[in-house]
Amino acid sequence: MFTQIYSIQTVEEALGCVEAGADRIGVLVGTPGGKFPCAIHEEEAEKIFEARKGKAVRVLISVADNERDILDQTKRLHPDVLHLCANFTGSPEFREKMRQEIPDVLLMEAVGIVDESAVEDAKAKAEYADILILDSVSKTVPGVGAAGETHDWSIDKAIVDAVNIPVILAGGLGPDNVEDAIRAVHPAGVDSLTKTSIKENGILVRKDLEKVREFCTRAKAMEM
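The rules behind the values
Residues numbered from 1 in each chain as written. Predicted model: local features only at pLDDT ≥ 70, side-chain atom pairs only at ≥ 80, totals over all residues. Heavy atoms only, no water. Salt bridge = Lys/Arg side-chain N within 4 Å of Asp/Glu carboxyl O. Helix = DSSP H or I, 4+ residues; strand = E, 2+ residues; numbered from the N terminus. Buried < 20%, exposed > 50% of the residue type's maximum accessible area, 1.4 Å probe, protein only. Phe/Tyr/Trp six-rings, centres within 6.5 Å; stacked < 30°, edge-to-face > 60°. Lys NZ or Arg CZ within 6 Å of the ring centre and 35° of its normal. Core = buried A, V, L, I, M, F, W, Y, C linked by side-chain atoms within 4.5 Å. Contact = heavy atoms within 4.5 Å.

In this section: the pattern of salt bridges. For the structure on display, the rule yields 18 salt bridges. Among the ionic pairs, aspartate 23 bridges to lysine 220, the shortest N-O distance being 3.1 Å. Taken together, the positions of aspartate 23 in the loop between α1 (11-19) and β2 (24-29) and lysine 220 in helix α8 (residues 209-220) put the pair 197 residues apart, joining distant regions of the chain. Given a relative accessible area of 28%, lysine 220 falls into the partly exposed group. The salt bridge involving arginine 213 is made with glutamate 210; its shortest N-O contact spans 2.9 Å. Of this pair, arginine 213 and glutamate 210 are both found in helix α8, 3 residues apart, which corresponds to roughly one turn of the helix. The exposure class of arginine 213 is partly exposed, given its relative accessible area of 34%. On the accessibility criterion, glutamate 210 (55% relative accessible area) is exposed. Linked by salt bridges that have partners in common, Arg68, Asp72, Lys75 and Glu101 make up one network.

Before going further, it helps to examine the packing of aromatic side chains. Geometry of an aromatic ring pair is reported as the spacing of the ring centres plus the angle between the planes. In this structure the tally under the stated criterion is 1 aromatic pair. Over the ring of phenylalanine 2 we find arginine 24; its NZ or CZ atom is 4.1 Å from the centre of that ring.

Time to look at the nonpolar core. Ile48, Leu82, Phe94, Leu132, Ile159 and Val190 are the most contacted members of the largest nonpolar core, which has 59 residues in total. The residues contacting phenylalanine 94, other than those within four sequence positions of it, are Glu67, Ile70, Leu71, Leu82, Leu84, Phe88 and Leu107. By size, the runner-up hydrophobic cluster in this structure holds 19 residues, among which are Phe2, Leu28, Phe36 and Ala110.

None of this, on its own, says anything about what the molecule does.
This is the structure we're talking about:
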């Protein structure tokens, strides 16, 4: 059971989260203070990825809206995993271009869990993606994720049973419910953003390393 912690904003946070037990760290490159929470500039993401190279799986959350910008950004930052969840959805053709241009980067596609139609969406994306992440859909943040709310885990379980690639469970997970989520879904990994972050004036400002540690400890104790 691996653990994934989003959204890292500084090298110090990255170091702290990995020391607390995070196997994967994710950064969202965008406009700080914009419509996506915890967005950072590309230059800061580069520092984080370089600091954790070989120490954790580094995930780039891209919110660019076109294929060329996403591929070029991924080439510059060279993460271990590219996560698509917002303004662009991959395809078999896009995955093939990744293999040609950045062959050692994996593709993770987000599946928004709203109703049972998510199962067919997941099966289609599993035909070309390397990893799926199942997440809630926010009413205020574009794309899939950052809702801070759980969803119907029985849909996630149906997806886990239907696809042949690793599945990460996300959506309102924290130390208080990660064990129940793992029991219900049996994913390959679990992800946390909102419930392992500190909020000030309703805005996520930094990671709560004690909650990150508890989340990781509880998740890893549930090894299947």
